[in-house]
Amino acid sequence: MTKKLGLDNHKDLTISLPSGVKIDFDMEVAADRAAYEDAIDKIGVFKQPLTVSHGSNGSSHSAARYRLTDLFSSYKVAKEKVFAEATRAAYYPRVEKFIEQHQAKGIIFIDEIRKPHASDYREEVIKVQDSPLTVDNYTKTLKGFFDFAIEAGKYPFENPFSNLHLVKKSERSKHTDSWLPYSGEEVQRLFVEQFDAYAKRFDKPDLFFAPLISLTTGMRIEEIAQLQVSDVYKDNSVWVLDINDNGDFKEVKTPSSIRKMPLPTPILLTNFLDYHALVKERFGETELLFPYLINTASNGFAKNIGYNWTQYKKELIEVNETQKNFHSLRKTIGAAMVDMEYDLPLRKRILGHSMSGDITQTVYGKPYSLEYIKSCLDKISWGINFIDFQFRFKRDDDKLLDGWVNAKRIKERKKATKVTSEK
């Protein structure tokens, strides 16, 4: 400002390069700023100390500055053997997206990032993520990136992502959206390479079919476990699983969870529909699809499904128990849909996430047809031969379900359903 006013005591921004060359830039002039950034990029001066001279007397001080992209490269090298493949796949895109967004705003160096930048970025993430815990995972990842820079002596300020979490640490166990997806190699290990182990351990229909359904449709574990026979039917030409809260025994996580989910071709290649026909014939349409399941106070109908999957997984792959469980199957198809570049509203529709705040879709968009959703699900390649997944049973075996079905529970549920219908 003093320079613009024509006063004599203005201070220039003068850059002294290691070669001894001095360059005077006017950073308010677009051409000068562009030339400055281009010169820095070509010379790579920030790999060594930079002298910035402030004041007409030529006094100066030395301060090393580092580009975000250079630090990200160093970060990936440092974490290559520290992070598991799935962790890298989850963390790196978050950091990369953060850097790209700030580069688009003209922010190149890490010391330009301050607390307001971190807070603003968190607000942007909140707009596109339903779960507070998912938002926290983004800020946690970026906090780790800045911790790395601080420990390396390349960021001189307090971590801007400190204390930005939305969910208290003591409440994290109440949330399920912190799980990571399974990697492609882990999917192969769990469903292909160890098929005999899969068929042997999962000797009940709920244990056998639930992982396959969750992987290929993204349905939550309880959405699968509480299905009734009547929830599986043909809607025009498409077989669907009707996710609803009809009756005293069903619950849904959110109103947006209520939806019809087309059965993708991989599930139709199994004998799931044959099993459905058997239960319908034996117990009627109002019974649970897996009639032997009991509704527990803490885990609903899905307790045994989750437990058996965890034990099976632990025997075959090495993962952090706080990062991957049955819910990670849902995360896996979510990640697959991102790789397929499916639009966010479509992914939300399939996963049963809220559309609130998405004005374009809720006001101007039209519902996705079941045929279209099925075609999108069918395009995802899992590298699994689903026709091999045939649950072993015989339709004429009268004693097939005797050891599983709790007849008393069935009578109680039928009685309650009758009372509800009468009311």
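For clarity, every value in this text was computed on a predicted model and none was experimentally measured.

K.L.:
For this particular structure, what's the right way to read the pairing of strand β5 (residues 232-235)?
P.N.:
Residues in a regular strand point their side chains to alternate faces of the sheet. As paired elements, β5 and strand β6 (residues 238-243) share 4 bridges and run antiparallel to each other. Within the sheet, the bridge partner assigned to Lys234 lies in β6 and is Trp239. The turn joining β5 and β6, which pair antiparallel and follow one another in sequence, is formed by 2 residues; a positive phi near 55° is taken by Asn236.

K.L.:
Can you help me understand unusual backbone geometry in this one?
P.N.:
Of note, the phi angle at Asn163 is positive, near 60°, even though the residue is not glycine. You can see Asn163 is positioned in the loop between α5 (132-151) and α6 (184-193). Under the relative-accessibility criterion, Asn163 is labelled exposed at 67%.

K.L.:
Got a minute to help me understand the packing of aromatic side chains in this structure?
P.N.:
Remark: the centre distance and the inter-plane angle together describe each pair of aromatic rings, the angle taken between the planes. The final tally for this structure, using the stated rule, is 36 aromatic pairs. Each ring, one from Tyr198 and one from Tyr312, has its centre 5.8 Å from the other, and the planes form 85°; the classification is edge-to-face. Of this pair, Tyr198 sits in helix α7 (residues 195-201) while Tyr312 sits in helix α12 (residues 303-316), placing them 114 residues apart in sequence. Grouping residues by exposure puts Tyr198 and Tyr312 together as buried. Seen in terms of ring centroids, Phe386 and Phe389 are 6.3 Å apart; in terms of plane orientation they differ by 40°. Their pairing is tilted. An identical accessibility class is assigned to Phe386 and Phe389; each is buried.

K.L.:
How should I be thinking about the nonpolar core in this particular structure?
P.N.:
Taken as a class, soluble globular proteins show a tendency for nonpolar side chains to be buried jointly. Counting residues in hydrophobic clusters, the biggest one holds 60 residues, and the most contacted among them are Phe191, Tyr198, Phe272 and Trp309. Of all the elements, helix α8 (residues 205-217) adds the most residues to this core, at 7 residues. Beyond its immediate stretch of four places on either side in the chain, Tyr198 contacts Leu190, Phe191, Leu207, Phe208, Pro211, Leu212, Trp309, Tyr312 and Phe389. Formed by 28 residues, the second largest nonpolar core is a distinct cluster that contains Val95, Ala149, Tyr155 and Leu164.

K.L.:
What's the story with the sheet that holds strand β7 (residues 259-262) in this structure? I'm lost.
P.N.:
Sheet strands associate in pairs through backbone hydrogen bonding, adopting either a parallel or an antiparallel arrangement. Taken in spatial order, the 3 strands of this open sheet run β5-β6-β7, and their pairing is antiparallel. The open sheet has two edge strands with one neighbour each: β5 and β7. The average angle at which neighbouring strand axes cross in this sheet is 45°, direction not considered. When β6 meets β7, the two strands line up antiparallel, connected through 4 bridges. When the sheet's bridge partners are listed, Leu241 is paired in β7 with Met261. On the sheet, helix α16 (residues 370-378) packs against β5, β6 and β7 and is oriented at approximately 50° with respect to β7.

K.L.:
Before we go on, may I ask you to explain α12 in this structure?
P.N.:
An α-helical turn contains 3.6 residues, so any two residues separated by three or four positions project in the same direction. The end-to-end C-alpha distance of α12, which contains 14 residues, comes to 21 Å, matching closely the 20 Å that a straight helix rising 1.5 Å per residue would cover. Within α12, the full set of buried residues consists of Ile305, Gly306, Asn308, Trp309, Thr310, Tyr312, Lys313 and Leu316. Here the buried face of α12 lies against α6, α7, α8, α9 (221-225) and α13 (327-339).

K.L.:
Even after reading the chapter, I still don't get the side chain of Asn244, so can you show me in this structure?
P.N.:
Topologically, Asn244 is positioned in the loop between β6 and β7. Look at Asn244 and you get buried, because its relative accessible area is 6%. For Asn244, the side chain forms a polar contact with the main-chain nitrogen of Asn246, separated by 3.1 Å. At 3.0 Å, the side chain of Asn244 and the side chain of Lys250 are in polar contact.

The rules we used
- Residues numbered from 1 in each chain as written.
- Predicted model: local features only at pLDDT ≥ 70, side-chain atom pairs only at ≥ 80, totals over all residues.
- Heavy atoms only, no water.
- Pairing = 2+ DSSP bridges.
- Helix = DSSP H or I, 4+ residues; strand = E, 2+ residues; numbered from the N terminus.
- Buried < 20%, exposed > 50% of the residue type's maximum accessible area, 1.4 Å probe, protein only.
- Phe/Tyr/Trp six-rings, centres within 6.5 Å; stacked < 30°, edge-to-face > 60°.
- Core = buried A, V, L, I, M, F, W, Y, C linked by side-chain atoms within 4.5 Å.
- Contact = heavy atoms within 4.5 Å.
- Axes fitted to C-alpha atoms, helices over the stretch in contact; angles between N-to-C directions.
- Expected span 1.5 Å × (residues − 1).
- Polar contact = N/O pair within 3.5 Å; in protein donor to acceptor, adjacent residues only side chain to side chain.

Interpretation in functional terms is not warranted from these geometric data alone.
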